[in-house]
Amino acid sequence: MRDEQPNVARMWDYHLGGDRACSADRRLADAVTAACPEVPLAARANRAFLGRVVHHLVTLGVRQFLDLGAGLPTHRNTHEMACGSRVVYVDIDPLAVLHNRVGVIGNPDVTVVQADLRDPELVLRHRDVRHYIDFRRPVAVLALAVYHLVPDVEEPAAGVAAIYDQVPPGSYLAISHASADQAPDRAARVAGLYAAAGILVRPRSRAEITAIFDRFRPVGPGVVAVGAWHPAAPPGDPGPAGWYGGLGRKTG
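What you see is a predicted model; the values in this text were computed from it and never measured.

Rules behind the numbers
- Residues numbered from 1 in each chain as written.
- Predicted model: local features only at pLDDT ≥ 70, side-chain atom pairs only at ≥ 80, totals over all residues.
- Heavy atoms only, no water.
- Buried < 20%, exposed > 50% of the residue type's maximum accessible area, 1.4 Å probe, protein only.
- Helix = DSSP H or I, 4+ residues; strand = E, 2+ residues; numbered from the N terminus.
- Arc of directions from axis to C-beta.
- Contact = heavy atoms within 4.5 Å.
- Polar contact = N/O pair within 3.5 Å; in protein donor to acceptor, adjacent residues only side chain to side chain.
- Pairing = 2+ DSSP bridges.
- Expected span 1.5 Å × (residues − 1).
- Phe/Tyr/Trp six-rings, centres within 6.5 Å; stacked < 30°, edge-to-face > 60°.
- Lys NZ or Arg CZ within 6 Å of the ring centre and 35° of its normal.
- Salt bridge = Lys/Arg side-chain N within 4 Å of Asp/Glu carboxyl O.

Draft legend 1. Region of the structure containing helix α5 (residues 94-103). The set of residues buried in α5 consists of Ala96, Val97 and Asn100. End-on view of α5: buried residues confined to an arc of 100°, all on one side of the axis. Looking at α5, the residues exposed on the side facing more than 90 degrees away from the buried face are Pro94, Leu98 and Val102. Each element contacted by the buried residues of α5 is listed here: β2 (86-91) and β3 (110-114). With a side-chain oxygen lying 2.9 Å from the backbone nitrogen of Leu95, the N-terminal cap of α5 falls on Asp93.

Encoded structure:
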């Protein structure tokens, strides 16, 4: 049964060089890479983006992180980069939850919650989230490589709006997201491969991704290619890219 249905978390782990993928995951991941050779590079660029975001937020004094759609643990996870911070990993996938829980055994500052990021109000009300995160102080919400798995009908921007309403001023939201801006034909082929396996992928334009941030105000260069994002980078348009990333702040 495990070999019959590809799993997004295991595929992402495979793209990052992990060894948890089953044969179905590898077949689809290899087909995706054949259609778009940049995908493994994009996976690594996303991890590097996460590192820069977390480092920047820690230097600003943020010590609480809510990692939505955390996926399988890999090298340099959020709690390792934000050492000494409270971290809650959230994922709907039981396998990802299990592996993350094993990886944080004995760490009193980290917990793992099985929940669906598409229902942010339920996530934010979860007793373990409330136990670990003090919503009287700023919190960083991380949503990397997940919102392109949320279809338009489920309104990812509405989910972000719900997060904005629940977190205090000074909180942050980081998003990275697949885009079809650079190569729409290749993006369509990749989306078709996923769809054939029963997995919906919705690449979005830079403008659509920017709109997901809702009222979170951009930090640094705004929504740019993930490899180009740095908090000290000057504003500007780096051109089309296959993946965009950005960090927003709740100012009031």
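Draft legend 2. Focus on the pairing of strand β4 (residues 140-144). Burial analysis of β4 places 5 of its 5 residues in the buried class, which makes it a mostly covered element. Side chains Ala140, Leu142 and Leu144 of β4 all project onto a buried face; the interleaved residues Val141 and Ala143 project onto the opposite face, where all are buried too. Both strand β1 (residues 64-68) and β4 contribute to a ladder of 3 bridges, which runs parallel. From the neighbouring strand, Phe65 faces β4, where its bridge partner is Ala140. Here β4 runs beside strand β5 (residues 172-178); their pairing, made up of 5 bridges, is parallel. Across the sheet, residue Leu144 finds its bridge partner in β5, namely Ser176.

Draft legend 3. The environment of Pro40, seen in detail. Mapped onto the secondary structure, Pro40 falls in helix α3 (residues 39-59). Exposure remark for Pro40: the relative accessible area of 17% places this residue in the buried category. Along the sequence, Pro40 and His15 sit 25 residues apart, while their C-alpha atoms lie 4.8 Å from each other. With residues up to four places along the chain from it excluded, the contact list for Pro40 reads His15 and Thr33.

Draft legend 4. Structural context of helix α9 (residues 184-196). Along its 13 residues, α9 runs 18 Å from first to last C-alpha, staying within 8% of the 18 Å computed at 1.5 Å per residue. Listed as buried for α9 are Ala187, Val190, Ala191 and Tyr194. The buried side chains of α9 occupy one side of the element, clustering within an arc of 100° when seen end-on. In this structure, α9 carries Asp185 and Ala196 as exposed residues pointing more than 90 degrees from its buried face. Looking at the packing, one finds that the buried side of α9 touches α1 (8-15) and α2 (23-35). Positive phi appears at Gly198, one or two residues downstream of α9, with a value of about 80°.

Draft legend 5. A look at the packing of aromatic side chains. In total, this model carries 3 aromatic pairs according to the counting rule given. Between Trp12 and Trp243, the aromatic rings sit 5.6 Å apart at their centres with planes inclined by 45°, giving tilted as the arrangement. Taken as a pair, Trp12 in helix α1 and Trp243 in strand β8 (residues 243-249) lie far apart in primary sequence, 231 residues in all. An angle of 85° between the planes, with centres 5.5 Å apart, marks the rings of Phe49 and Trp229 as edge-to-face. Taken as a pair, Phe49 in helix α3 and Trp229 in the loop between β7 (224-225) and β8 lie far apart in primary sequence, 180 residues in all. Side by side, Phe49 and Trp229 carry an identical accessibility label, which is buried. Across from the ring centre of Tyr164, 4.6 Å away, lies the NZ or CZ of Lys250, which sits over that ring.

Draft legend 6. Looking closely at the pattern of salt bridges. Using the criterion set out here, one finds 14 salt bridges in the structure. Two residues, Glu38 and Arg186, come together in a salt bridge whose shortest N-O distance is 2.8 Å. Note that Glu38 is positioned in the loop between α2 and α3 and Arg186 in helix α9, a separation of 148 residues in sequence. For Glu38, a relative accessible area of 33% corresponds to the partly exposed category. A relative accessible area of 22% places Arg186 in the partly exposed class. Across the pair Asp152 and Arg204 runs a salt bridge, and its minimum N-O distance is 2.8 Å. In this pair, Asp152 is assigned in the loop between β4 and α8 (156-166) and Arg204 in the loop between α9 and α10 (206-212), connecting sequence segments 52 residues apart. On the basis of relative accessibility, which here comes to 42%, the residue Asp152 falls in the partly exposed class. Within the structure, one salt-bridge network assembled from shared partners comprises Asp152, Arg202, Arg204 and Glu208.

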